[in-house]
Amino acid sequence: MISNKKALSMIDVIAEMFPNAECELVHDNPFELTIAVLLSAQTTDNAVNKITKPLFEKYKSPEDYLAVDIAELENDIRTIGLYRNKAKNIKKLCQSLLDKFDGQIPQTHAELESLAGVGRKTANVVMSVAFGEPSLAVDTHVERVSKRLGICRWKDNVRQVEDKLCKVVPRERWNRTHHQLIFFGRYHCLARSPKCDICPLFEDCREGQKRYKATLKEA
Ligand code: SF4
């Protein structure tokens, strides 16, 4: 693993590449954001945004989601992956919001994680994006990029990746860094075809070097 100082210098480069990175899930309030994040599991933000426009016009409150049959909700979100599970979780989430939080999205990690379908990543995103609380959510892009660069170990779990990033990055930068690492993974260090040939981090990146050596062997 590289030193914390080196890791931060790499994150600084990524920050320069994507200075204006921000949440790409379209939403107007914490409730819509929570639903959008829940829908985004194993699906692209683009796919989620396509369905949330009509969805958020139709369903404006937890009561609205609970008022329809599950089959109707499934039909409204059927174009995205795992829609049956997601419809079930939305229903459960809305019920617990009404039962425990007066229909409002709570503003602590623990309360958010007590909601159906809401794990640590979703809670971190909501705390950060909706309420401006410093959080560094680890999604598939953040995890892949952190491991490829050697900021974390390959065997680290998501929580270990989060803890390491929070140690490396100053707290006041956590929210922005989360989005910058996502943009870097989504648009540059892609899962299947990372742009190593034009990457400013290539010289120091263990994954980039490994891939380069593999191409030399093939040649
Ligand atoms: Fe990703 Fe390649 Fe850049 Fe490494 S060199 S960060 S693998 S794009």
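Anything mentioned here points back to the structure above.
Residues numbered from 1 in each chain as written. Predicted model: local features only at pLDDT ≥ 70, side-chain atom pairs only at ≥ 80, totals over all residues. Heavy atoms only, no water.

Caption draft 1: Representation of the site of the ligand. Near the ligand, the surroundings consist of 13 residues, among which Leu149, Cys189, Cys196, Cys199 and Cys205 are the closest. In this structure the site holding the ligand corresponds to the largest cavity. The class makeup of the residues in the shell around the ligand is 8 nonpolar, 2 polar and 3 charged. (Near = heavy atom within 4 Å. 1 Å grid on protein atoms, 1.4 Å probe; cavity = no way out; pocket = protein on both sides within 12 Å on 5 of 7 lines; lining within 4 Å. Sits in = over half its atoms within 2 Å of the grid points. Nonpolar A, V, L, I, M, F, W, Y, C, P; charged D, E, K, R; others polar.)

Caption draft 2: Focus on helix 9 (residues 140–148). Taken across its 9 residues, helix 9 has 7 buried, putting it largely inside the fold. Every buried residue of helix 9 is accounted for by His141, Val142, Arg144, Val145, Ser146, Lys147 and Arg148. Looking at the packing, one finds that the buried side of helix 9 touches helix 1 (4–17), helix 10 (158–168), helix 11 (174–187) and helix 12 (206–218). Where helix 9 begins, one side-chain oxygen reaches toward the backbone nitrogen of His141, 3.0 Å away; that side chain belongs to Asp139. After helix 9 finishes, the residue Gly150 shows a positive phi value of roughly 85°. (Buried < 20%, exposed > 50% of the residue type's maximum accessible area, 1.4 Å probe, protein only. Helix = DSSP H or I, 4+ residues; strand = E, 2+ residues; numbered from the N terminus. Contact = heavy atoms within 4.5 Å. Polar contact = N/O pair within 3.5 Å; in protein donor to acceptor, adjacent residues only side chain to side chain.)

Caption draft 3: How the structure looks around the side chain of His178. Relative to the elements of secondary structure, His178 occurs in helix 11. Residue classification places His178 among the buried positions, given a relative accessible area of 4%. If sequence neighbours within four positions are ignored, His178 has contacts with Val125, Leu136, Ala137 and Val142.

Caption draft 4: A look at the environment of Asp99. Among the secondary structure elements, Asp99 is positioned in helix 6 (residues 83–101). The class for Asp99 is exposed, based on a relative accessible area of 56%. In this structure the C-alpha to C-alpha distance between Asp99 and Thr43, which are 56 residues apart in sequence, comes to 29 Å.

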